[in-house]
Amino acid sequence: MSRLWLRCRYWFDSTLARGTWTNIMLLILIALVVATLLTPMILVLTPLDANGERRDVVATFWDTLGKEFRLALPHPSQPWQLMLQLLLGAAAVFFGAAVTTVLVSGLIGKLIALRAVGSRVMESGHVVILGWSEQIFTIIDELATAQAGRRKLVVAVLANEDLAMMNAAIQQRVRQRKHVRVVCRHGIPMDEDDLLLMNLAQARSVILLNPQSPGDTDPDTTTIKTLLALSTQPDVTTPVVAAMSSTGNMEVARLAGGRQATILDADDLIARLITHAARQPGVSAILTDLFDFAGAEVRLTRQPTLAGSTFGAALTAFAAAVPIGLVRAGGTVLNPEHHTTLAEDDQLVVLAEDYGPLKLVPPGGVPVISSAIVAGDAVAAQPVRHLVLGWNRRGPRILADLTENAAPGSTITVVGGEPGAQLMGNAHVTIHSGRSSDRSTLADLGVDSYHQIIVLAADGPALAADAQVISTLLHLRAMLGTRRQQCTVVSEVRDDRDRKLIQATRVDDFIVSDHLISLLMAQLSEQSAISDVFTQLLGSNNARVCLRRAADLVQPGATVNFATIAESARRQGHIAIGYRHTRGTSSVAGFGVVLNPPLATEVVLGEGDQVVILTADRVGRSQAV
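Residues numbered from 1 in each chain as written. Predicted model: local features only at pLDDT ≥ 70, side-chain atom pairs only at ≥ 80, totals over all residues. Heavy atoms only, no water.

(A) Structural detail: the nonpolar core. With 96 residues, the main nonpolar core has Ile 129, Trp 132, Phe 291, Ile 324, Val 545 and Ile 577 as its most contacted residues. With 8 residues, helix α10 (residues 266-279) is the single largest residue contributor to this core. Ile 577 has contacts with Val 322, Ile 324, Leu 351, Val 545, Phe 562, Val 594, Leu 595, Asn 596, Pro 597 and Val 612, leaving out every residue within four places of it along the chain. Among the nonpolar cores identified, the runner-up in size contains 30 residues, and Leu 6, Val 183, Ala 203 and Val 236 belong to it. (Core = buried A, V, L, I, M, F, W, Y, C linked by side-chain atoms within 4.5 Å. Buried < 20%, exposed > 50% of the residue type's maximum accessible area, 1.4 Å probe, protein only. Helix = DSSP H or I, 4+ residues; strand = E, 2+ residues; numbered from the N terminus. Contact = heavy atoms within 4.5 Å.)

See the structure below:
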C-alpha cells in the first residue's frame, strides 16, 4: 500500500473514532462537496430560460443540496404515470434502504474493528508508550508540560487494554491535555506485528511501562521481552526508556535493550531516596523539582565564552542558572574540582528554569557580601536509632544503605520481616514480626525513643498498601506527641492520589515511589544524555543533594543575596542550588524549598533554615541538626 493511502486511511480512522457528532459533520461536509460538484454540471446541461439566461448559481446549489435529502417527482397527468411513479418510488425506497443498510453495516463493522485495534499511527516526532499502568498519567502530564509553548505533542499508547477504557481514563486523569494529543491502540507490546502500528521509526522516543496486574509476580519479564521485540524492528534506532523492578534483572535488560535503551533500576533509586530523605526531610521535594519539567530543570549547555575560566568561577557566571557538573569525553562529573579549567567543547550541566538562552553576568556583576560569609564546621556523625515499619522488595537495599552510612553504635529495628538480630556494618539490626499498623506493636517498640522512622508501603495493590501506610502514620502522629520535633518520620507512598492524605498526617517527608520513577522516565525520554546525572544524584559515593545549616554558610538573620550564599558554599567545596525555610513548612507543597533563585535574589535565613547544596561529602557531614 502506498504511503498516501496509509495517510488517508489514518485520517479517516482517526476522524471516525472521534464520535457521533464528528461523523455527522463529516456526512454534511460530503453532501456539501457533492452539491458543489453537481451544480456546475446542472447549470451546463439545463436549457436557457425564455430570456436566454441560465439559472442563478446559488439557487441551483440549494436545489441540488435539497434533492440529496428528499425524493422529488413531477406531478402525474395520467393514471399510468401515477402507477409508474408509485412503482419507481417503491423501487427507490427498496434499493435506497438496501444501500443504506450495506453502508451502515460496513460503517458499524469498521467502527467495531477500530474500537478493537485501531489503524497504524501515521505521525512523526511522537512519543510511544508501551504498556499500561498508573504511571502513564504522570508521564503524559509531564510530557505535556515540557511541550508547553511548542507544537502540540502526539503520544501514541499501545497496550493490551480496551480502547474505550484507555481513552476514558486518559480523558479523566490527564490534566495537561491542552499541549498533548493521545492516540491509543490495542495490542500486545511484545508482539512484533502490533509494534508496527506505532510507526517506531518516526518516533522521538519510546517509554516502556511495567505491567501492574495483581497476578503478575515478575513484571520485569514482560519488559525484557518487549525490549527484545523492539530490537528486532527494522530500521528503528529510537531511544528507549524502561525501568526494572528488580536489580537482579538489570544486566539482562541492558543486553535485551542494546545501546539505544536507558534502563532504570527503580528499586535501587527509590531505596536510596528513602534513606536519604530519612536523614534529611525535605530532600524528596528537591529531587521531585529536579525530576519534573516544572520549575528548575537539569539541562546541558555549551558556553564557549567561559573557556579558559575555572568551574568555580562559572558557579556565579549565570544570572538565573546554577552549574552543577561537567560532561566530557570521559563521562559526567558532578561537582568537579572547582579549579578545573573549562575547555571550549565542554558541556556544563546546569539547573535552569526553561530551555531559553542562558544570560551570563560579568565577574562581580552581582556583588558578594563578604562580611556575611562564615566558615562552617563539619558536623560529626552521631549514632542514630532507626525504626523501619513495614517491608517490601526494597527493604534489603534500604537496610544496606542505612548500615553503609551509619555511625558506630547505631541501631536499626525492623517490623515486618523474619525475626532475628545481626550486626551489619556499624549498625545492630533487629527484626520483629507483626503488623506495622497495629497500635499495640508500636507501643511495645517505644516509637518515641527513635531518631528516624521509615514507613514502607507493601508490595501488591497500591491503594491497599497506601491505606496501611496512612493508618501507621496516624498512630505515629498520636503516639509521638510533643517529641515530634526530635523524631523525623519519612513515608513511602505508591499512589500519587494519596499525596494530600499523607500531608494531613504531618509527616516530615514522603516518597511517592511510582510518581518519582514516572517523572524520571519522562525526563530521560526527552534527553537521555542526562541519565548519568540523576544516577549520580542518588548514588551513595558520588555527589548528592544535601541540606546544610544556613548558619554554617552565612550570618543568621542577615539580608544577603544568593550570590553570597553561592560564594560561601564554593569556599567549602560545595555548590549552592537553593535554600529552604523550615518554619511551618512540613505540611505545604515543596516543604519550603526554593531552587535555582537568581543570583541577585535577596533572602534572610534564620538559625533553623537550610541551604540546598550539592556535595561529595557524606550526608552526615552536611546534615542539618
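Once the structure has been displayed, the description carries forward.
(B) Quick look at the packing of aromatic side chains. The full count for this structure, using the stated rule, is 2 aromatic pairs. Relative to Phe 137, the ring of Trp 132 lies with its centre 5.7 Å away and its plane at 90 degrees, an arrangement referred to as edge-to-face. Relative accessible area serves as the criterion here: at 15%, Trp 132 is assigned to the buried category. On the basis of relative accessible area, Phe 137 is assigned to the buried category, the value being 6%. Geometrically, the ring pair formed by Phe 291 and Phe 534 is edge-to-face, given 5.0 Å between the ring centres and 85 degrees between the ring planes. With Phe 291 in helix α11 (residues 283-291) and Phe 534 in helix α18 (residues 531-537), this residue pair connects regions lying 243 residues apart in the sequence. With respect to class, Phe 291 is no different from Phe 534; both count as buried. Directly above the ring of Tyr 450 sits Arg 385, whose terminal nitrogen or CZ lies 4.4 Å from the centroid. (Phe/Tyr/Trp six-rings, centres within 6.5 Å; stacked < 30°, edge-to-face > 60°. Lys NZ or Arg CZ within 6 Å of the ring centre and 35° of its normal.)

(C) Region of the structure containing the environment of Tyr 450. Within the secondary structure layout, Tyr 450 lies in the loop between α14 (439-445) and β15 (452-455). Taking the C-alpha atoms as reference points, Tyr 450 and Arg 385, 65 residues apart in sequence, are found 5.0 Å from one another. Polar side-chain contacts of Tyr 450 include one of 3.2 Å to the side chain of Thr 413. (Polar contact = N/O pair within 3.5 Å; in protein donor to acceptor, adjacent residues only side chain to side chain.)

(D) Representation of the sheet that holds strand β4 (residues 205-208). Overall, parallel pairing links the 6 strands, which are arranged β3-β2-β1-β4-β5-β6 in an open sheet. Strand pairing shows two members of the sheet lacking a second neighbour, β3 (180-186) and β6 (261-265), which therefore form its edges. Averaged over neighbouring strand pairs, the angle between their axes works out to 20 degrees when direction is ignored. Two elements, β4 and strand β5 (residues 240-244), share 2 bridges in a ladder whose sense is parallel. (Pairing = 2+ DSSP bridges. Axes fitted to C-alpha atoms, helices over the stretch in contact; angles between N-to-C directions.)

(E) Quick look at the pattern of salt bridges. If you walk through the whole model with that rule in mind, you get 15 salt bridges. As a salt-bridge pair, Asp 141 and Arg 175 come within 3.7 Å of each other at their nearest N and O atoms. With a gap of 34 residues between them, Asp 141 in helix α5 (residues 135-147) and Arg 175 in the loop between α6 (163-173) and β3 connect regions that are remote in the sequence. Residue classification places Asp 141 among the buried positions, given a relative accessible area of 6%. On the accessibility criterion, Arg 175 (66% relative accessible area) is exposed. Between Asp 552 and Arg 549 there is a salt bridge whose closest N-O contact spans 2.9 Å. On the basis of relative accessible area, Asp 552 is assigned to the buried category, the value being 9%. The network of salt bridges with common partners includes Asp 267, Arg 393, Arg 394, Asp 459 and Glu 492. (Salt bridge = Lys/Arg side-chain N within 4 Å of Asp/Glu carboxyl O.)

(F) The arrangement of the sheet that holds strand β23 (residues 610-615) in detail. The antiparallel open sheet is built from 4 strands, whose spatial order is β18-β23-β20-β21. Of all strands in the sheet, those bounded by a partner on one side alone are β18 (544-549) and β21 (593-595). Averaged over all pairs of adjacent strands, the angle between strand axes in this sheet comes to 35 degrees, irrespective of strand direction. The sheet contact formed by β18 and β23 spans 6 bridges and is antiparallel. Residue Cys 546 lies in a different strand from β23, and its bridge partner there is Ile 613. The strands touched by helix α19 (residues 562-571) are β20 (575-580) and β23; relative to β20, the strand with the most contacts, the crossing angle is about 130 degrees.

(G) Expanded view of unusual backbone geometry. With a phi close to 50 degrees, Asn 199 is a non-glycine residue in the positive phi region. Position of Asn 199 relative to the elements: it lies in the loop between α7 (192-195) and β4. In this structure, Asp 235 is a non-glycine residue whose phi angle is positive, near 60 degrees. With respect to the secondary-structure elements, Asp 235 resides in the loop between α8 (219-231) and β5.

(H) Representation of the confidence of the model for the protein chain within the structure. Overall, the prediction assigns the protein chain a mean pLDDT of 80, with 79% of residues at 70 or greater. Considering each helix and strand of the protein chain separately, the mean pLDDT is smallest for helix α20 (residues 619-622), with a value of 37, and largest for strand β1 (residues 127-130), with 96. Across residues 71-77, confidence stays below pLDDT 50; counting only partners more than four residues off in sequence or on other chains, it has 6 contacts. Note on residues 618-625: pLDDT is under 50 here. Beyond four places in sequence and across chains, it has 30 contacts. (pLDDT = per-residue confidence, 0-100.)

(I) Structural detail: the environment of Thr 505. With respect to the helices, strands and loops of the structure, Thr 505 is situated in the loop between α16 (499-504) and β17 (509-512). The sequence separation of Thr 505 and Ser 471 amounts to 34 residues, and the corresponding C-alpha distance is 9.4 Å.

(J) Quick look at α10. Between the first and last C-alpha of α10 there are 20 Å, a value that for 14 residues agrees with the 20 Å anticipated at 1.5 Å per step. Of all 14 residues in α10, 14 are buried, a share of seventy percent or more. (Expected span 1.5 Å × (residues − 1).)

(K) Representation of the pairing of strand β8 (residues 321-328) within the structure. Buried residues dominate β8, accounting for 7 of its 8 residues. Alignment of β8 against strand β10 (residues 347-352), held across 6 bridges, turns out to be antiparallel. The residue bridging Leu 326 from the neighbouring strand is Leu 348, located in β10. Of the strand pairs in this sheet, β8 and strand β9 (residues 331-334) are connected by 4 bridges, and their pairing is antiparallel. Considered in β9, the bridge of Leu 326 is made with Val 333. Remark: 2 residues form the turn of the hairpin made by β8 and β9, two consecutive strands paired antiparallel.

(L) Focus on the environment of Thr 430. Relative to the helices and strands, Thr 430 is located in strand β14 (residues 427-432). With a relative accessible area of 21%, Thr 430 lands in the partly exposed category. For the pair Thr 430 and Thr 413, spaced 17 residues apart in sequence, the C-alpha to C-alpha distance is 4.8 Å.

(M) Spotlight on the packing of α5 against α6. Their axes nearest at 10 Å, the elements α5 and α6 cross at an angle of 55 degrees. The pairing of α5 with α6 is recorded here as oblique in orientation. Relative to α6, α5 is oriented so that their crossing is right-handed. Within the contact between the two elements, α5 uses Phe 137, Ile 140 and Asp 141 and α6 uses Ala 169, Ile 170 and Arg 173. A breakdown of the residues in the contact of α5 with α6 according to their chemical character gives 4 nonpolar, no polar and 2 charged. (Parallel < 35°, antiparallel > 145°, perpendicular 65-115°, else oblique. Left-handed = near helix turned anticlockwise from the far one by under 90°. Nonpolar A, V, L, I, M, F, W, Y, C, P; charged D, E, K, R; others polar.)

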